[in-house]
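Residues per chain, in single letters:
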Amino acid sequence: MITNNLSWLIGGEAGQGLESAGHMFALVLNRGGLFVITNAEYPSLIRGGHNYNKVRVSDKPLTCHTNDVDLVCALNKETFEKHIDEISNGGGIIYDSADFPDAKGKDGVNLFGIPMAELAKTKGGGIIMKNVVAIGACIGLLDYDLNYFKEALKQTFGRKGDEIVNSNYNAAQAGYDYMQENYKGKFGYNLAAMKDAKQRMLIQGNDAFCIGAIKGGCKLVAEYPMTPSSSILHFMAEHSREYNVVVKHVEDEISAINTIIGASAVGIRSLTATSGGGFSLMVEAVGLAGMIETGIVIVNVQRPGPSTGLPTRTGHPDLRLMMHASQDESPRMVVAPGDPEECFDLGFQAFNVADKYQIPVMFLSDKYLSESERSVDFFDTKELEIDRGKLLLEKDLDPKEDRYPRYKDSPDGISARPLAGEKGGIFTCTSDEHNDYGDIVEDIPNRLEKMNKRMRKIDTLRKGLPAPKLIGPANADITFVSWGSPKGSILEAIELLAKDDVSANFLQIKYFIPFHSEEVAKILGKAKRIVDVEENFSGQLADLIREKTGIFIEERILDYSGRPFTAKQIYNEVKLKTGQASSKTVPV
Amino acid sequence: MASIKKASFDSVAKPDWCPGCGLFGIQMAIKQALTELGLEPHKVFFVTGIGCGSKASHWVNAYGMHTLHGRSLPIATGAKLGNHSLTVIDMGGDGDGYGIGIGHFMHTMRRNIDLLYMVNDNQIYGLTKGQASPTSEKGMKTKSTPFGVVETPINPIALAINSGATFIARGFAGDIVHLKWLIMEGIKHKGFSLIDIFQPCVTFNKINTYAYFQQRVYKLNDDPNYKTNDREAAWKKAQEGGDKLPIGIFYQETREIEEEAEPQLLKQPLVYQDIKNVNIEPLMKKFV
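These numbers were taken from a predicted model, which means no experiment stands behind them. (Residues numbered from 1 in each chain as written. Chains lettered and ligands numbered in written order. Predicted model: local features only at pLDDT ≥ 70, side-chain atom pairs only at ≥ 80, totals over all residues. Heavy atoms only, no water.)

**Focus: the overall build of chain B**
Moving on, step 1. Along chain B, the regular secondary structure elements total 10 helices and 10 strands.
Moving on, step 2. For 288 residues, the compact-globule estimate of 2.2 N^0.38 gives 19 Å, and chain B sits close to it at 20 Å.
Moving on, step 3. Taking the principal axes of its C-alpha atoms as reference, chain B extends roughly 70 × 45 × 40 Å.
Moving on, step 4. For chain B, the proportion of contacts with a sequence separation of at least 24, taken over those separated by at least 6, is 71%. (Helix = DSSP H or I, 4+ residues; strand = E, 2+ residues; numbered from the N terminus. Rg over C-alpha atoms; globule rule 2.2 N^0.38 Å. Contact = heavy atoms within 4.5 Å.)

If you want it as structure tokens, here you go:
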């Protein structure tokens, strides 16, 4: 019997309640103290199509999803047909026996037919509860505690009244009972809640970021919806009154970024979020924020392009876009988290950096990280402090002065900034090149001084950031280099390689501007075999590393399929190349 | 007419507009209006787009923001939401507001945020040296339309009426006293105020000159029978053109402003709210 180590999939068409079923199944396991991680794949449509949600569960911390499936829960025939071949030896499939009166499986896969639709109609509140019957059935087959599910149903449907709650209970119980009565002891996997289960959040990257943003003092969000960033708009809007944040769904992305620039210019911390296409519309204003030295936070939850591309899939195609967007060169920070904890920490940090260094901060997430739910400990907020930098209030200003030299040069490049509305602080900010007071000035000494001053802030910022460090053993056979959400799959691939006595470590790059050239060169200079892992076509980080350090990483595992890396995929790629003369890896 | 007090809104730097430009009159009207309203320079936030007139934020002594072509309205909106205790005024040209920025123009009007938007409407692109603008008359020959403009011009007043602006007016740069009055009314108005301003461009527009306007403009509000709360009457007036060009307040109504619709802003402006002690425990607990 395999206890507490399972990969589960629920599939069906859009509109069958897959997302809520997947979420609820993950939630009931999370509440039992188990570690879960979810992954959803779906096309860009509202009804129909083939969709699935995966939940991987373990009693040990998990860092990534897997493509292996031990138990499939098929809400339609298509799911059965599409996934039967993926099921591991000894695994099983739960399906509606009415769909397949004479279902044929394959060797080593257990078939668990159950009249799902009929039970939903006769025992529950109708066909709409088929997904509830299905989850009840999964819990019954896995011998898990149904009460966790009932509790979740009560929380979800409680406001709709007892009748709805009870019919959901009945649907869940019917699924559970059917499996217990017909298949008890016939499946080699089970799940058991941990004793003294620790309370953890089950949280997505976008939500983790939003909590960091709220903690970071974000007071205004202007956004135009775009998958997969819209959940940031939704989260912030939902909690806007609780936390006194103004959230505006504005007319387009151009308006979104300019609105937050206006807000930041009068001294508030503000945010916009989008995906690559929406960011492309914002590009001009990035330069404005850099020129007038106004800090804003821009989130790009990446998806594959070009153009509309794969709207609901994942990837890391926009690193270079974010680094170079807008004419000429202007200061900015480009940062990418690798997991929900980093979404929170770097999300909080983004607002401090924007405010203190008076620069736009580009926060690069991706669809997988943004939507995948994970068991995460409560965020530690003890060390988090708001730093507003050189912000001047009336007490810091001379009220007799008509104007303030707001763009005066300084050794660190950061000028003191009066809060608009304070006496003695008047200045003009302008997208034109300007002098200390913000007057338009085109003379050469001033141009050079101001350009140098703005760009110098990046060096100052670099000194304030933690340098990248290797995760894993020093002097390893393989050094992985990557950024963003592949982090989790790489960490698990390192464990898989260790079982084969191949040692590997991992250099995660979180900051691209500023870039820690010296530290990266030092680490990679000592590496025996460097493998770059990226979800884009060319290996944008690898090329950046070459540009900044001169180190050419030839071996690149690049996946631009729109689906997230799995640990096994990375492991297999590395094993394939082991012992071979190094050559540029063919994109997988 | 009230006597003009010493204008503390005078800037250190001086305008670089062409001699005789209508913008001088507009700039003077703005400074006089701000002064007569008794506003303090540090409580005024003056946002402008890009264009000849948009340089005005450098030449009025107040917190100023000279931004991007067509984007001043979202920026002014953000500034007002960030600190609604500031008097936010915004100015751009006809290319800025009715061309590249027309989407923001319409949406800002329906939002009814409490700010004044002035459009120096010279029916030509000045700073790029003489191309047709969205308000250039049909047939007008310019550098970009050597055979004459073929499009029908934008009617900003009618557009504003349709888009839900709550204060809609037109001024003339050649009548500073009247324009100053409009600006004062526009600032006092609670909600979005539009003042479209006929502004002669002495360099590039040889048709819509001072003389052209002086012969045609008449004051709408001199007519005691004209009611500014009548949308239909305003719409009809907005259609007038050719030899008779009405200036004054076309339409005004009271409607809930954005700042009142957001309870987050009721207690105090966002900028003065504490951000150092935000408790996220309740948020985290929602995910358990």
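Continuing now.
**Let's talk about the interface of chain A and chain B**
You'll often see interface size given as the accessible area lost when the parts meet.
Moving on, step 1. At the interface, 68 residues of chain A touch 53 residues of chain B.
Moving on, step 2. In total, chain A and chain B occlude about 5200 Å² of area from one another, counting both sides; carbon and sulfur atoms represent 65% of this.
Moving on, step 3. For the interface between chain A and chain B, the tally reads 4 salt bridges.
Moving on, step 4. Its salt-bridge partner being K286 of chain B, residue E242 of chain A comes within 3.2 Å of it at the nearest N-O pair.
Moving on, step 5. Seen at the junction of chain A and chain B, the total is 26 residue pairs in polar contact (both at pLDDT 80 or more).
Moving on, step 6. Put simply, the parts of the chain that give the side of chain A that touches chain B at least two residues each are α1 (18–31), β9 (201–203), α7 (205–215), β10 (218–223), β11 (246–249), α9 (253–265), α10 (276–292) and β19 (428–430) of chain A.
Moving on, step 7. When residues in the side of chain A that touches chain B are grouped by element, the largest group, 8 residues, is from α9 of chain A.
Moving on, step 8. Of the residues contributing to the side of chain A that touches chain B, the split by class is 32 nonpolar, 17 polar and 19 charged.
Moving on, step 9. Direction of pairing for β19 of chain A relative to strand β2 (residues 63–66) of chain B: parallel, over a ladder of 3 bridges. Across the sheet, T430 of chain A pairs through a bridge with H66 of chain B, a residue of β2 of chain B. (Buried area = accessible area lost by both parts, 1.4 Å probe. Salt bridge = Lys/Arg side-chain N within 4 Å of Asp/Glu carboxyl O. Polar contact = N/O pair within 3.5 Å; in protein donor to acceptor, adjacent residues only side chain to side chain. Nonpolar A, V, L, I, M, F, W, Y, C, P; charged D, E, K, R; others polar. Pairing = 2+ DSSP bridges.)

**A short note on the packing of α9 of chain A against helix α2 (residues 72–82) of chain B**
Moving on, step 1. Interhelical geometry of α9 of chain A versus α2 of chain B gives an angle of 45° and a closest axis separation of 6 Å. In terms of orientation, α9 of chain A lies oblique with respect to α2 of chain B. Relative to α2 of chain B, α9 of chain A is oriented so that their crossing is right-handed. Within the contact between the two elements, α9 of chain A uses S255, N258, T259, G262 and A263 of chain A and α2 of chain B uses P74, I75, G78 and A79 of chain B.
Moving on, step 2. When grouped by side-chain class, the residues that make up the contact of α9 of chain A with α2 of chain B number 4 nonpolar, 5 polar and no charged. (Axes fitted to C-alpha atoms, helices over the stretch in contact; angles between N-to-C directions. Parallel < 35°, antiparallel > 145°, perpendicular 65-115°, else oblique. Left-handed = near helix turned anticlockwise from the far one by under 90°.)

**A closer look at the packing of α2 of chain B against helix α4 (residues 102–111) of chain B**
Residue and element names in this part refer to chain B.
Moving on, step 1. Between α2 and α4, the shortest axis-to-axis distance is 8 Å and the interhelical angle comes to 35°. Across the interface between the two elements, L73, P74 and T77 of α2 pack against H104, F105 and T108 of α4.
Moving on, step 2. Grouping the amino acids of the contact of α2 with α4 by side-chain chemistry returns 3 nonpolar, 3 polar and no charged.

**Some thoughts on the sheet that holds strand β9 (residues 217–219) of chain B**
Moving on, step 1. Spatially, β19(A)-β2(B)-β1(B)-β3(B)-β4(B)-β8(B)-β7(B)-β10(B)-β9(B) is the arrangement adopted by the 9 strands of the open sheet, whose pairing is mixed. Among the strands making up the open sheet, the edge pair consists of β19 of chain A together with β9 of chain B. Neighbour-to-neighbour, the strand axes of the sheet open up by a mean angle of 20°, direction not taken into account.
Moving on, step 2. In this fold helix α5 (residues 156–163) of chain B packs onto β4 (116–121), β7 (167–172), β8 (193–198) and β10 (245–252) of chain B, with an angle of close to 165° to the strand it touches most, β7 of chain B.

**Details of helix α6 (residues 162–183) of chain A**
Residue and element names in this part refer to chain A.
Moving on, step 1. For α6, with 22 residues, the first-to-last C-alpha span of 31 Å sits near the 32 Å given by 1.5 Å per residue.
Moving on, step 2. Buried within α6 are the following residues: V165, S167, N168, A171, A172, A174, G175, Y176, M179, Q180 and Y183.
Moving on, step 3. Against the buried residues of α6 lie β6 (87–96), β7 (110–114), α3 (116–122), α4 (130–141) and α5 (146–157).
Moving on, step 4. Looking one or two residues beyond α6, the residue adopting positive phi is G185, at roughly 80°. (Expected span 1.5 Å × (residues − 1). Buried < 20%, exposed > 50% of the residue type's maximum accessible area, 1.4 Å probe, protein only.)

**Points about the pairing of strand β5 (residues 69–74) of chain A**
All names here are of chain A.
Moving on, step 1. Most of β5 is tucked away: 6 of the 6 residues are buried.
Moving on, step 2. Where strand β2 (residues 5–14) meets β5, 4 bridges bridge the pair, whose relative direction is parallel. The partner of G11 across the bridge, within β5, is A74.
Moving on, step 3. In the sheet, β5 pairs with β6 via 5 bridges, with the strands oriented parallel. Looking at β6, one finds that C73 is bridged to I94.
Moving on, step 4. Note on the crossover from β5 through helix α2 (residues 77–83) to β6: the handedness is right-handed. (Right-handed = clockwise from strand over helix to strand, strands pointing away.)

**Regarding the domain arrangement of chain A**
Moving on, step 1. Entries for chain A in the domain assignment read domain 1 (2–199), domain 2 (203–376), domain 3 (391–464) and domain 4 (470–585).
Moving on, step 2. For domain 3 of chain A versus domain 4 of chain A, the separation of C-alpha centres amounts to 41 Å. (Domains from an automatic or database assignment.)

**Some points on the packing of aromatic side chains**
Moving on, step 1. For the structure shown, the criterion picks out 23 aromatic pairs over all chains.
Moving on, step 2. Between Y95 of chain A and F100 of chain A the ring centres are 6.0 Å apart and the planes differ by 85°, which places this aromatic pair in the edge-to-face class.
Moving on, step 3. For Y95 of chain A, a relative accessible area of 8% corresponds to the buried category.
Moving on, step 4. Ring pairs connect the aromatic residues F112, Y183, F187 and Y189 of chain A, which therefore count as one cluster.
Moving on, step 5. We note K244 of chain B situated over the ring of Y218 of chain B; from NZ or CZ to the ring centre the distance is 5.2 Å. (Phe/Tyr/Trp six-rings, centres within 6.5 Å; stacked < 30°, edge-to-face > 60°. Lys NZ or Arg CZ within 6 Å of the ring centre and 35° of its normal.)

**Re the side chain of K248 of chain A**
Moving on, step 1. Its place among the elements puts K248 of chain A in strand β11.
Moving on, step 2. Owing to a relative accessible area of 15%, K248 of chain A belongs among the buried residues under this scheme.

**Observations concerning the nonpolar core**
Moving on, step 1. Membership of the largest hydrophobic core comes to 143 residues, with the highest contact counts inside it found for F209, I211, M236, F512 and L541 of chain A together with F45 of chain B.
Moving on, step 2. Ranked by residue count, the leading element in this core is helix α12 (residues 340–357) of chain A, at 9 residues.
Moving on, step 3. Residues within four places of F209 of chain A in sequence aside, it is in contact with I232, L271, V297, V299, C343, F344, G347, F351 and F363 of chain A.
Moving on, step 4. Residues I10, A137, M179 and L191 of chain A belong to the second largest nonpolar core, which totals 52 residues. (Core = buried A, V, L, I, M, F, W, Y, C linked by side-chain atoms within 4.5 Å.)

**Notes on the environment of R255 of chain B**
Residue and element names in this part refer to chain B.
Moving on, step 1. By the element assignment, R255 lies in the loop between β10 and α9 (258–261).
Moving on, step 2. Setting aside its immediate chain neighbours within four residues, R255 contacts M109, R110, N112, G164 and T166.
Moving on, step 3. There is a polar contact of 3.4 Å between the side chain of R255 and the backbone oxygen of R110.

**With respect to the confidence of the model for chain B**
Moving on, step 1. On average, residues of chain B score 95 in pLDDT, and 98% of them reach the 70 mark or higher.
Moving on, step 2. Low pLDDT, under 50, characterises residues 1–7 of chain B; the stretch is placed with 8 contacts to residues that sit more than four places away or in other chains. (pLDDT = per-residue confidence, 0-100.)

**Topic: the side chain of D94 of chain B**
All names here are of chain B.
Moving on, step 1. In this structure, D94 sits in helix α3 (residues 94–100).
Moving on, step 2. Despite its burial, D94 pairs with no opposite charge; the closest candidate is R170, at 12 Å N-O.
Moving on, step 3. Of the polar contacts made by the side chain of D94, one reaches the side chain of S133; its length is 2.6 Å.
Moving on, step 4. For D94, the side chain forms a polar contact with the side chain of T135, separated by 3.0 Å.
Moving on, step 5. Leaving out residues up to four positions away in the same chain, D94 has contacts with G99, V119, N120, D121, N122, Q123, I124, S133, P134 and T135. (Lys, Arg positive; Asp, Glu negative; His and termini not counted.)

**Notes on the sheet that holds strand β20 (residues 470–471) of chain A**
All names here are of chain A.
Moving on, step 1. The 5 strands lie next to each other as β20-β22-β21-β24-β25, forming an open sheet whose pairing is mixed. Whereas interior strands pair on both sides, the edge strands pair on one side only; in this sheet they are β20 and β25 (556–558).
Moving on, step 2. Pairing between strand β21 (residues 478–482) and strand β22 (residues 504–508): 5 bridges, direction parallel. Of the residues in β22, the one forming a bridge with T479 is N505.
Moving on, step 3. Sitting on the sheet, helix α17 (residues 540–549) touches β21, β24 (530–534) and β25, and the angle it makes with β24 is about 130°.

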